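# Architecture at a glance
These are the residues of each chain, in order.
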Amino acid sequence: MKIIHNIYAIDKTIGGPIFSMKLIAEAQAAMGHEVTVVSGQSLGHDRPISFDTNVKLILIPSYTKYRYMFNWSSIVKKEIGIPDVIHTYGVWTYHNLAAYGFSIKYNIAHIVAPCGMLYKEARTKSSIIKNIVWKTYQKNILKSTKCFHAKSSQESNSLLSLFPDNKVQVIPNPLVLDDRDNGDKNNFSFIDNYIADKRVLLYIGRLVKRKGIEDLINVWDQNALSFPDWCVVIVGDDEKKGYLKTMLDQLEKCKNINYIDFENKKSKKSNPNLIITGSLYGKQKDAIFKRASIFINPSNFENFGMTIAEAFSYSLPAIISKNTPWTKIEDKKCGWFLNENNKNLDIVFKTALALDAPHLKKMGRNGLQVVKHLKKDNIAKQIIMLYEKYS
């Protein structure tokens, strides 16, 4: 099968959508399919990820926030020919419109994975521009898609509320579950001297307000003295949108947090109990997952929660919001739920951080069982079956 994975950018800062697409594309290529990734490229700004050599990559220069790409159709036709299916990730930008036109012209199945961008909460951001795009063409494009690829049942429900006559298939994001027990958990020369023997409460994700990081900082300030053997590590960046400054201003006012911000070389005191690393990828991200004892994501909402799934794959118990697809973690005894607006975060903190290492490891092993079915080969096969159904 000839497959195009179509996305607006392959910048590392995009997070979940690009990394899950990479795993799907590479697994499908390993199965023998002819797989091409077509992506916009904002010249001088993107930090692109790499793909296995059996995945063809076409980068088309893109311009403005809308990521307009000249000659998308002619470039794709020349480089690939006519594919059997186009799998588009994300909405609102030009890649969506280009794939729609191409699919109509050549009668190709067009599968759209909105990646959480059509939730009501997401549509309120830049709402004026999105309303114009919606009325101009986006709504009609989505109504005509062969099938939506939703990452969770809650996304499926959201899509059906907008498009009750459309087909929706729920297929979660894939994970790499091999070699989690191998590798060096101490691959952090720039952090190890500060962490020493402390246990790590880990956050990985974008640094934006809706992720609940301010709540995390406030509760840690209230509890840090009671748990001197713990250190909070925050991994991520604010995509140069200014939220990191808000965090640092908050940290400066804390009475019981000694922090280091490695990305900006700003340090309050020695012997920190909170570390901000900036974004980590590859071996360093792998190492910090292996170094952690508990994962936390106090976000008020997640469409899938890729880092939550990754945490479970590293056998970490997790503290997460109920507004995620991970609704069974307390039943499976692999984590704790935060209620609305994180009002019980203080209680959960005291409960989780007081547990000994063997108890946490047992909970972590339970978490691993929750994500066993997300092996990338299994997910890639499910998506191939989706393509076959509609192509």
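For the structure, see preceding data.
Because the structure is predicted, anything quoted here is derived from the model rather than measured.

## Remarks on the nonpolar core
- Residues Leu202, Phe295, Trp326 and Val371 are the most contacted members of the largest nonpolar core, which totals 80 residues.
- In terms of residues, this core owes the most to one element, helix H14 (residues 376-390), which gives six residues.
- In contact with Val371, not counting residues within four places along its chain, are Leu175, Leu177, Ala309, Phe312, Ser313 and Trp326.
- The next biggest cluster of nonpolar side chains, apart from the first, holds 36 residues, and it includes Phe227, Ile234, Met247 and Leu360.

## Section: the pattern of salt bridges
- Using the criterion set out here, one finds nine salt bridges in the structure.
- One salt bridge in this structure joins Glu214 and Lys209, with 3.2 Å as the shortest N-O distance.
- Residue Glu214 is classed as partly exposed on the basis of its relative accessible area, which comes to 21%.
- Across the pair Asp249 and Lys245 runs a salt bridge, and its minimum N-O distance is 3.0 Å. One end of the pair, Asp249, and the other, Lys245, are both in helix H9 (residues 243-253), four residues apart, so they sit about a helical turn from each other.
- Given a relative accessible area of 36%, Asp249 falls into the partly exposed group.
- Given a relative accessible area of 55%, Lys245 falls into the exposed group.

## Things to note about unusual backbone geometry
- Of note, Ser315 is a non-glycine position whose phi angle comes to about 60°, a positive value.
- By secondary structure assignment, the location of Ser315 is in the loop between helix H11 (306-313) and strand E14 (318-321).
- Residue classification places Ser315 among the partly exposed positions, given a relative accessible area of 22%.
- Even without glycine at this site, Lys333 takes up a positive phi of about 55°.
- Mapped onto the elements, Lys333 comes out in the loop between E14 and strand E15 (335-338).
- Since its relative accessible area comes to 59%, Lys333 is described here as exposed.

## Details of helix H12 (residues 345-353)
- Taken together, the buried positions of H12 are occupied by Leu345, Val348, Phe349, Ala352 and Leu353. The buried residues of H12 all sit within an arc of 110° when viewed along its axis, so they share a single face.

## Brief notes about the sheet that holds strand E2 (residues 34-41)
- Ordered by their spatial adjacency, seven strands build an open sheet running E3-E2-E1-E4-E5-E6-E7, and the pairing between neighbours is parallel. Across the chains shown, the open sheet's two edge strands, defined by having one partner strand only, are strand E3 (55-61) and strand E7 (168-170). This sheet shows a mean twist of 25° between the axes of neighbouring strands, independent of strand direction.
- With three bridges connecting them, strand E6 (residues 147-150) and E7 associate as parallel partners. Bridging across to E7, Phe148 finds its partner in Val168.
- Set on the sheet, helix H2 (residues 72-80) makes contact with strand E1 (2-7), E2, E3 and strand E4 (85-89); between it and E3 the angle comes to about 155°.

Cut-offs used in this document
- Residues numbered from 1 in each chain as written.
- Predicted model: local features only at pLDDT ≥ 70, side-chain atom pairs only at ≥ 80, totals over all residues.
- Heavy atoms only, no water.
- Core = buried A, V, L, I, M, F, W, Y, C linked by side-chain atoms within 4.5 Å.
- Buried < 20%, exposed > 50% of the residue type's maximum accessible area, 1.4 Å probe, protein only.
- Helix = DSSP H or I, 4+ residues; strand = E, 2+ residues; numbered from the N terminus.
- Contact = heavy atoms within 4.5 Å.
- Salt bridge = Lys/Arg side-chain N within 4 Å of Asp/Glu carboxyl O.
- Arc of directions from axis to C-beta.
- Pairing = 2+ DSSP bridges.
- Axes fitted to C-alpha atoms, helices over the stretch in contact; angles between N-to-C directions.

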